[in-house]
Amino acid sequence: MGTLIDRFDEHDGPVRGVHFHKSQPLFVSGGDDYKIKVWNYKLHRCLFTLLGHLDYIRTVQFHHENPWIVSASDDQTIRIWNWQSRTCISVLTGHNHYVMCASFHPKEDLVVSASLDQTVRVWDVGALKKKTAAPADDILRLSQMNTDLFGGVDAVVKYVLEGHDRGVNWASFHPTLPLIVSGADDRQVKLWRMNDTKAWEVDTLRGHMNNVSCVMFHAKQDIIVSNSEDKSIRVWDVTKRTGVQTFRREHDRFWILSSHPEMNLLAAGHDSGMIVFKLERERPAFSISGDSMFYAKDRFLRFYEFSSQKDTQVIPIRRPGSTSLNQGPRTLSYSPTENAVLICSDVDGGSYELYIVPKDSISRGDTMQEAKRGTGGSAVFVARNRFAVLDKSNNQVLIKNLKNEIVKKSSLPMAADAIFYAGTGNLLCRAEDRVVIFDLQQRIVLGDLQTPFVKYIVWSNDMESVALLSKHAIVIASKTLVHQCTLHETIRVKSGAWDDNGVFIYTTLNHIKYCLPNGDSGIIRTLDVPIYITKVSGNKIFCLDRDGKNKVIVIDATEYIFKLSLMKKKFDHVMSMIRNSQLCGQAMIAYLQQKGFPEVALHFVKDERTRFNLALESGNIQIAVASAKEIDEKDHWYRLGVEALRQGNSGIVEYSYQRTKNFERLSFLYLITGNMEKLSKMLKIAEVKNDVMGQFHNALYLGDVRERVKILENAGHLPLAYITASVHGLQDVAEHLATKLGDNVPKLPEGKVPSLLTPPSPILCGGDWPLLRVMRGIFEGGLDNVGRGAADEDEEAADADWGEELEMVDADGLQNGDIEAVLEDGEVPEENEEEGGWDLEDLELPPEADTPKASTNARSAVFVAPTPGMPVSQIWIQRSSLAAEHAAAGNFDTAMRLLSRQLGIKNFTPLKSMFLDLHTGSHTFIRAFSSAPVLSLAVERGWSESSSPNVRGPPALVFNFSQLEEKLKSAYKATTLGKLAEALRLFTTILHTIPLIVVESRREVDEVKEFILIVKEYVLGLQMELKRREIKDDPVRQQELAAYFTHCKLQTPHLRLALQNAMTVCFKAKNLSTAANFARRLIETNPSNENQAKTARQVLQAAEKNMKDVSQLNYDFRNPFVVCGATYVPIYRGQKDVSCPYCSSRFVPSLEGKLCTVCDLAVVGADASGLLCSPTQIR
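J.: Please explain the overall build of the protein as it appears in this structure.
T.: Broken down by element type, the protein carries 30 helices and 56 strands. Buried residues in the protein amount to 48% of all 1179 residues. At a minimum sequence separation of 6, the contacts of the protein that also span at least 24 residues come to 48%. Summed over all atoms, the accessible surface of the protein reaches about 60000 Å², with 51% contributed by carbon and sulfur.

J.: I keep staring at the packing of aromatic side chains and nothing clicks. Help me out?
T.: Two aromatic rings are characterised by how far apart their centres lie and by the angle between their planes. The final tally for this structure, using the stated rule, is 29 aromatic pairs. An angle of 75° between the planes, with centres 6.1 Å apart, marks the rings of Y1044 and F1121 as edge-to-face. One end of the pair, Y1044, is in helix α27 (residues 1035–1045); the other, F1121, is in strand β53 (residues 1121–1123), and 77 residues separate them in sequence. With respect to class, Y1044 is no different from F1121; both count as buried. Members of the aromatic cluster, connected to one another through ring pairs, are Y1044, F1078, Y1115, F1117, F1121 and Y1132. Above the face of the W200 ring, K198 is positioned so that its terminal group lies 5.1 Å from the ring centre. Here the guanidinium or amino end of R283 rests over the ring plane of Y456, the centre of that ring lying 3.6 Å away.

J.: Looking at this structure, I do not really get the sheet that holds strand β12 (residues 156–162). What am I missing?
T.: Taken together, the 4 strands give an open sheet; going across it, the order is β9-β10-β11-β12, and neighbouring strands pair in antiparallel fashion. This sheet does not close on itself; its edge strands, each paired only once, are β9 (99–104) and β12. Pairs of neighbouring strands in the sheet enclose a mean axial angle of 20°, with direction left out of account. Where strand β11 (residues 119–124) and β12 come together, 6 bridges link them in antiparallel fashion. The residue bridging R121 from the neighbouring strand is V160, located in β12.

J.: Explain helix α16 (residues 718–727) to me, please; I cannot follow it from the model alone.
T.: In an α-helix there are 3.6 residues to a turn, and that puts residues three or four apart on one side. Along α16, the residues classified as buried are L718, A721, Y722, T724, A725 and S726. Against α15 (705–714) and α17 (731–741) lie the buried residues of α16. G729, located one to two residues past α16, shows a positive phi value of around 75°.

J.: I tried to follow the sheet that holds strand β1 (residues 15–20) on my own but got confused; where do I start?
T.: Read across the open sheet, the 4 strands follow the order β1-β2-β3-β4; overall the sheet is antiparallel. In this open sheet, the two edge strands, each paired with only one partner strand, are β1 and β4 (45–50). Taking each pair of neighbouring strands and ignoring which way they run, the sheet shows an average axis angle of 25°. Here 5 bridges tie strand β2 (residues 26–31) to strand β3 (residues 36–40), and the two strands are oriented antiparallel to one another. When the sheet's bridge partners are listed, L26 is paired in β3 with N40.

J.: Looking at this structure, I do not really get the pattern of salt bridges. What am I missing?
T.: Overall, the coordinates contain 40 salt bridges when judged by the stated rule. In this structure, R659 and D632 form a salt bridge, with 3.2 Å as the shortest nitrogen-oxygen distance. Of the two residues, R659 sits in helix α11 (residues 650–659) while D632 sits in the loop between α9 (621–631) and α10 (634–647), which places them 27 residues apart along the sequence. Given a relative accessible area of 43%, D632 falls into the partly exposed group. Measuring nitrogen to oxygen at the nearest pair gives 3.1 Å for the salt bridge that ties K740 to E713. Of this pair, K740 sits in helix α17 while E713 is found in helix α15, placing the two residues 27 residues apart along the sequence.

J.: Would you explain the packing of α15 against α16 in this entry?
T.: How two helices sit against one another is set out by the angle between their axes and by the gap between those axes. Interhelical geometry of α15 versus α16 gives an angle of 165° and a closest axis separation of 8 Å. With respect to α16, the axis of α15 lies roughly antiparallel. With respect to the hand of their crossing, α15 and α16 are arranged in left-handed fashion. Along the contact surface, α15 presents V705, R708, V709, L712 and E713, while α16 presents L718, L720, A721, T724 and A725. Tallied by class, the residues present in the contact of α15 with α16 amount to 7 nonpolar, 1 polar and 2 charged.

J.: Where do I start with the nonpolar core in this structure?
T.: Soluble globular proteins tend to pack their nonpolar side chains together in the buried interior. Ranked by internal contacts, the top residues of the largest apolar core, which has 93 residues, are L899, F987, Y1142, F1147 and C1159. If you tally residues by element for this core, the top one is helix α26 (residues 1002–1030), at 10 residues. Setting aside its immediate chain neighbours within four residues, C1159 contacts L991, H992, C1140, Y1142 and C1143. With 60 residues, the next largest nonpolar core counts F571, M588, I621 and I631 among its residues.

J.: What should I look at first to understand the environment of S258 in this one?
T.: Residue placement: S258 occurs in strand β21 (residues 254–259). For the pair S258 and H19, spaced 239 residues apart in sequence, the C-alpha to C-alpha distance is 10.0 Å. With near-sequence residues (within four places) excluded, S258 lies in contact with M216, L265, L266 and A267.

J.: Quick question: what am I supposed to make of the pairing of strand β26 (residues 300–305) here?
T.: Along any regular strand the residues' side chains alternate between the sheet's two faces. With 6 bridges connecting them, strand β25 (residues 292–297) and β26 associate as antiparallel partners. What sits directly across from F294, in β26, is F303. With antiparallel pairing between neighbouring strands as the criterion, β25 and β26 make up a hairpin whose turn holds 2 residues, including D298 at a positive phi of roughly 50°. Summarising the sheet, β26 and strand β27 (residues 310–316) pair through 6 bridges and their orientation is antiparallel. If you follow Y304 over to β27, its bridge partner there is D311. Count of turn residues in the β26/β27 antiparallel hairpin: 4 residues, of which Q309 carries a positive phi of about 55°.

J.: What's the story with the state of the cysteines in this structure? I'm lost.
T.: For the coordinates displayed, the defined rule picks out 0 disulfides. For C101, which is in no disulfide, the shortest distance to another cysteine sulfur is to C214 and amounts to 7.7 Å. Accessibility expressed as a relative area gives 1% for C101, which makes it buried. Not part of a disulfide, C515 finds its nearest cysteine sulfur in C485, a span of 4.1 Å.

J.: Quick question: what am I supposed to make of the side chain of D520 here?
T.: Residue position: D520 is located in the loop between β46 (511–515) and β47 (521–526). Residue class for D520 comes out buried when judged on its relative accessible area of 14%.

J.: Looking at this model, I keep getting lost on the packing of helix α4 (residues 558–567) against helix α5 (residues 571–580). Mind explaining?
T.: Relative orientation of the contacting elements α4 and α5 amounts to 145°, with a least axis distance of 8 Å. Considering how the two elements wind past one another, α4 and α5 form a crossing that is left-handed. Together, T558, I561, F562, S565 and L566 of α4 and F571, H573, V574, M577 and I578 of α5 make up the contact between the two elements.

J.: Help me out: how do you make sense of the environment of R386 in this one?
T.: Following the sequence through the fold, R386 ends up in strand β33 (residues 386–391). Sequence-wise, R386 and G425 are 39 residues apart; in three dimensions their C-alpha atoms are separated by 9.1 Å. When residues no more than four places from it in sequence are discounted, the contact partners of R386 are F381, I399, K400, N401 and V407.

J.: Whenever I open this one, unusual backbone geometry confuses me. Can you help?
T.: For residues besides glycine, phi is generally negative; the peptide bonds are generally trans as well. The backbone phi angle of Y34 is positive, close to 65°, even though this residue is not glycine. In this fold, Y34 is placed in the loop between β2 and β3. Taking the relative accessible area as the measure of exposure, Y34 reaches 36% and is therefore partly exposed.

J.: Would you explain the side chain of E707 in this entry?
T.: Tracing the backbone shows E707 in helix α15. No salt bridge is formed by the buried E707; the nearest opposite charge belongs to K710, separated by 4.2 Å. When residues no more than four places from it in sequence are discounted, the contact partners of E707 are L683, E687 and A699.

Calculation rules
- Residues numbered from 1 in each chain as written.
- Predicted model: local features only at pLDDT ≥ 70, side-chain atom pairs only at ≥ 80, totals over all residues.
- Heavy atoms only, no water.
- Helix = DSSP H or I, 4+ residues; strand = E, 2+ residues; numbered from the N terminus.
- Buried < 20%, exposed > 50% of the residue type's maximum accessible area, 1.4 Å probe, protein only.
- Contact = heavy atoms within 4.5 Å.
- Areas by Shrake-Rupley, 256 points an atom, 1.4 Å probe, with all protein chains shown as cover.
- Phe/Tyr/Trp six-rings, centres within 6.5 Å; stacked < 30°, edge-to-face > 60°.
- Lys NZ or Arg CZ within 6 Å of the ring centre and 35° of its normal.
- Pairing = 2+ DSSP bridges.
- Axes fitted to C-alpha atoms, helices over the stretch in contact; angles between N-to-C directions.
- Salt bridge = Lys/Arg side-chain N within 4 Å of Asp/Glu carboxyl O.
- Parallel < 35°, antiparallel > 145°, perpendicular 65-115°, else oblique.
- Left-handed = near helix turned anticlockwise from the far one by under 90°.
- Nonpolar A, V, L, I, M, F, W, Y, C, P; charged D, E, K, R; others polar.
- Core = buried A, V, L, I, M, F, W, Y, C linked by side-chain atoms within 4.5 Å.
- Disulfide = S-S within 2.5 Å.
- Lys, Arg positive; Asp, Glu negative; His and termini not counted.

Structure follows, in structure tokens:
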């Protein structure tokens, strides 16, 4: 709300008047460029410009029926234009000063104008209307031609209203009555009346302290609103002619007013912007009791029955004519046993009225009764015949009976500004930032909760939960104010009610939304106008609108009932909803995935790829295989293999590898499951495919030495074949190879004992991994094929043998053992005449089981692998925006992104080792047993014996603030001892570590930020000093760098050393005046070292004899400056510069976009949100 939608920039200079068309997407504007422009705001452009005025245009307005625009100008004329023909159809002359405004009458053919000539004029434009309508016959057409030729009168002055003593700024018509209101520089608002023949002044409203700039009638009430250059808006009662209300601004004068055509909104423009405001609350006061509701409307108490939707008037609640602005009922409280109603309003600074409703009057509603009255901030019933009234001044509650007599006084535990009902004998007291439940009998606090400022409270039907409604938030709490959840809204929250299932339904300015007990929320539907919910029953929402009319809205509750059932684990209900409702969509699937129910999401999805992903996520291999067969893509088979391997389902792994012809993985699978028979088949397949490397690997896996020697010999690697045969004791083969090699027989190393390379024995031979036996989940049994539109429940139940459910045989019935079928069709093994060819006829592979079942174990289909929990590192990442914690979790990518966004860091090389230290330092590693991988365990910060095992703390970090303080002391010491290179290294390390520090309190955050500034100054100063020491042949530059060093913010001992250094350099170079300045500054620091002070005084004495500088330096100590971190030149006050977003070093503008030379991390001039180093900055 209140956001800029569009800008239209074509006027040259100020725009003074603008007006929207009531039905077309048009608006008209007039400005100081003498132009009137008509715009189409949907097309975002100006349609045309109307020229004719000779001076500034003050106001423009569309006619409500005709295609006309009226404009008023400083050229003393009013013009009426036809925006369809784009011509001026009439010029109204008569004013003899600037015309400040002109507007059409909302119903009649009149125009009213106000001018600085102290008059208001009313013009009759009836003739113009007749002229523009097509004439009916020739005689009329002839007379029209005459008027066109001889200048007939289209618009005539009907009345001139004189009475103001100064220029009139504004005049406007009443929407229905023959009244005009005007405001002028004489600080008066005048009311005028007119009839057919004359107009006269009725009254003058005095009160403004400066020129009245705009004035208008309210469309619905008998009031006038005016604003003025005295910085106020005033509201006047037309009937009583008195001021009702005044609104003031501190510094801004008001200039213009406008009202919304439909809603009860007004807008006022002032010097620095505009405000949109209401004159009265529009929320009706109501109170629910069972199936009925009492509510206040138009000075009557009314009764509404939800079941029959019958609405009746009960009793009048205020004498007619006594109402004024914002004095209407604010809250209403009802006692059903006594039939008593308490109505609170803001009259007299807060008061209440007590009515006893006669039993029979609910049907009649005409008896007037005198109410019992009293003053008090708010009043509510707390028992059958007792009500509590808040006495703010004494911070106490008065308990009264139905005769309005005080029975008891009770002081409150806090300074409350309102009280609400909280069960019999209990009050909910509200302060600015908290609410408290107070027991009036025992005088104790039952509950206390910090909240944003609460405007309304809504109790659930069983009084177990309460919703506290603020302007932009909803807090749900238990009856003792134990916090359950908080919802934040960007637009204003208006009302709410609990439904029968414990879901809170609420409205904002333009939506009806729901909030589940766990804090999940969503939109039910959008609203055109705001409503106030009174009751929710099933899928009906009963509400009151802003006019106090009862409405019933039917909603679709499926989405939130489904989520509620899921949350409460009512899975039978969930199943029936999946079957019978049209719940679907990406949002619902994402919700189910997020809440850890991928197996439920599976049943919404028809798309095979999404089904496959969800099946993998929920560990449902069965559906994953079926989907993979439908999709039949290599990538999906591969992913299926990975998941099956994770579950230890070797049959499916084997099937996946076969489908993708992944022979290397198949061989390795057979090796680790100890399936030697299949391995030997893989060897034969490799021979058929002429894959020498594959043959060798398979022979190696089989431990078949003869085969390896044969493969090496066939591949031409005779020396390798000979060595293999010799080492493994195959003498006959070795001799045969030696004859082939002749003189090239390789020598075997002496004194070495050969060892046999044999394949390892598998941990588990054949079959699937042993699995836990778990109960079949509700969603596996009942819903196996819902998503695929499969058979009914009865048919499914008939086939109750769960062990046989996974049928994955291909149409061509590819069998597991039938590995040759895996060969691609086109691959025909080549014949090799020399060897007599590969003799493949005898390879009779035994037929094995069909495509593997989900498991060879008959019972194992019962098991669905439990979904793995979330790794701690992932929990750390989700909860944190701190780069150090992301690095500790091992997620370097997001850590770098965070540092880049927060501090503009682009060079991460110096941080690499720290990232690695953080990651390894936040984990500890345990060996389980030799063949299993090492287990890593997360180390949490602030862990203690008493902490809950389910609550994960943030990671333990190896860098902390106290280490930095130690390092800073070492760096100071190195500086003092003159080890400048070592000191610079230490300071730079501190600067590199700070982005990865995490502290706990706001105070420490400030200390860390202060640290950056301290260290940055030293890094810059030491860099300049080391640079100075390198320069040998440029004495001027040496002096400059020494001088700049003294302007870094250093500790006093170090500043003295820098000053002494600069003084010495300048004195030696005969720049006595500059040296004297340093000597003076050195003496001002009161040096404790007597030598320093003595030297300084001697320099001063020598300089006073000859106050001259031999060489000119780029250094003016009188003019404040900072030093550029890269070029080491001064940037004087007033010169442009850019800064490093991290260390805030300053640079000359030409270095924008370059790496900061001080911190060596961030990019100069980059946008960054600032250092984030504590969880307290995020809360």
